[in-house]
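Structure at a glance
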Amino acid sequence: LLDRKARRVLHDDILPLLHTAILDLNQNNSSTEAENLIGDAHHQISDLLRDMPSMSISDIGKTGLIDALKYFIKNEMKNEFDNITWNIEEKAKTELEKFPVFISEVIFYAVREVIRNSAKYGREAETEMLLNLDISFNYNLGLEITLEDYGSCIRETSSKGGSGQGLALHSTMMAVIGGTLSLESKPGLYTKVKISLPAIIL
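Okay, so let's go over this structure. (Residues numbered from 1 in each chain as written. Predicted model: local features only at pLDDT ≥ 70, side-chain atom pairs only at ≥ 80, totals over all residues. Heavy atoms only, no water.)

Tallying secondary structure elements over the chain gives seven helices and five strands in all. Along its sequence from the N terminus, the chain presents helices and strands in the succession α-α-α-α-β-α-α-β-β-α-β-β. Contacts spanning at least 24 positions in sequence make up 65% of the contacts within the chain whose residues lie at least 6 apart. Summing over all exposed atoms, the chain offers an accessible surface of approximately 11,900 Å²; the carbon and sulfur share of this is 53%. (Helix = DSSP H or I, 4+ residues; strand = E, 2+ residues; numbered from the N terminus. Contact = heavy atoms within 4.5 Å. Areas by Shrake-Rupley, 256 points an atom, 1.4 Å probe, with all protein chains shown as cover.)

Here you go:
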């Protein structure tokens, strides 16, 4: 929902305002620097909208949760990790096909946030440290997704300016559907995130 809203607001509200501002600046012969700055912002937002993956919420219901995540990693996380390992238990794959679409959506966006977080904070800048990610899907009295990276383990609460609100939001969303999101981290060694949903919920 947030992704769709962002696209709509950028396209319907922000871009027209920037376009109008550029026209006003041209008509009033205002600062060339201001015009260039606004023009640059306009172009960047336009490029962002054009480059955004075409997969929508409805596609998750069509392709399934796992394929939707693989599509996301292929298109948005290219070259972010040195290696990504998938461990998908057949039972988990079968049970996922039975999940209501809205539950798959909540899980998808929670996993996506963890992966983005790992790519952004899992490796120290200007180092040659490798960043590997293991993604596991298991099913035993419920779904359990484990994401474990091996990097510098800098997270959203680090000095890089993260607020921690991303994981907190998705932890809340998981709670809404009866699941949990937990994090375990040992600086310099690994960070492990578990996303769980008991079978009784379904």
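Past the structure itself, the notes keep going.
To continue, consider the pattern of salt bridges. The tally for this structure, following the rule as stated, stands at three salt bridges. We note a salt bridge from Glu76 to Arg116, for which the minimum N-O separation is 2.9 Å. Residue Glu76 is found in helix 4 (residues 65-76), and its partner Arg116 is found in helix 6 (residues 101-121); the two are separated by 40 residues along the sequence. Glu76 gets classed as partly exposed once you look at its relative accessible area, which sits at 28%. With relative accessibility at 29%, the residue Arg116 sits in the partly exposed group. The closest approach of N and O atoms between Glu95 and Lys91, which form a salt bridge, is 3.0 Å. Pair noted here: Glu95 and Lys91 are both in helix 5 (residues 90-96), with a separation of four residues, about one helical turn. The exposure class of Lys91 is partly exposed, given its relative accessible area of 42%. (Salt bridge = Lys/Arg side-chain N within 4 Å of Asp/Glu carboxyl O. Buried < 20%, exposed > 50% of the residue type's maximum accessible area, 1.4 Å probe, protein only.)

With 37 residues, the main nonpolar core has Ile107, Ile115, Phe137, Leu143, Leu147 and Ile195 as its most contacted residues. Mapped onto this core, the elements with two or more residues apiece are helix 4, helix 5, helix 6, strand 2 (132-139), strand 3 (142-150), helix 7 (165-176) and strand 5 (190-198). Top contributing element to this core by residue count: helix 6, with 10 residues. Those residues in contact with Leu143 that sit more than four places away from it in its chain are Ala92, Leu96, Phe99, Ile107, Phe137, Asn138, Ile195, Ser196 and Leu197. (Core = buried A, V, L, I, M, F, W, Y, C linked by side-chain atoms within 4.5 Å.)

What follows covers the packing of aromatic side chains. With the rule as written, the count across this model stands at two aromatic pairs. An angle of 15 degrees between the planes, with centres 6.5 Å apart, marks the rings of Trp86 and Phe137 as stacked. Here Trp86 is found in strand 1 (residues 83-88), whereas its partner Phe137 is found in strand 2, with 51 residues between them in sequence. Residue placement shows Lys70 over the ring face of Trp86; its charged tip is 5.3 Å from the ring centre. (Phe/Tyr/Trp six-rings, centres within 6.5 Å; stacked < 30°, edge-to-face > 60°. Lys NZ or Arg CZ within 6 Å of the ring centre and 35° of its normal.)

Reading across the sheet, the five strands line up as 1-2-3-5-4 and stay open at both edges, with mixed pairing between neighbours. Looking at which strands have only one partner, the edges of the open sheet turn out to be strand 1 and strand 4 (180-186). Across this sheet, the average inter-strand angle for adjacent strands is 10 degrees, counted without regard to direction. In the sheet, strand 2 pairs with strand 3 via eight bridges, with the strands oriented antiparallel. Among the inter-strand pairings, Ser136 is bridged to a residue of strand 3, identified as Thr146. Those strands touched by helix 6 are strand 2, strand 3, strand 4 and strand 5, and its axis lies near 10 degrees from that of strand 3. (Pairing = 2+ DSSP bridges. Axes fitted to C-alpha atoms, helices over the stretch in contact; angles between N-to-C directions.)

In terms of backbone geometry, most residues other than glycine have negative phi values and most peptide bonds are trans. A positive phi angle, close to 70 degrees, is found at Asn79, a residue other than glycine. Its location among the elements puts Asn79 in the loop between helix 4 and strand 1. Although it is not a glycine, Leu141 sits at a positive phi angle of roughly 60 degrees. Following the sequence through the fold, Leu141 ends up in the loop between strand 2 and strand 3.

What follows concerns the environment of Leu167. With respect to the secondary-structure elements, Leu167 resides in helix 7. When the C-alpha positions of Leu167 and Ser182 are compared, they lie 9.3 Å apart, and in sequence the two are 15 residues distant.

So, about the side chain of Ser104. Relative to the elements of secondary structure, Ser104 occurs in helix 6. Note on Ser104: relative accessible area 8%, which makes it buried. Among all residues touching Ser104, those that are not within four sequence positions of it are Ile60, Leu65 and Phe99.

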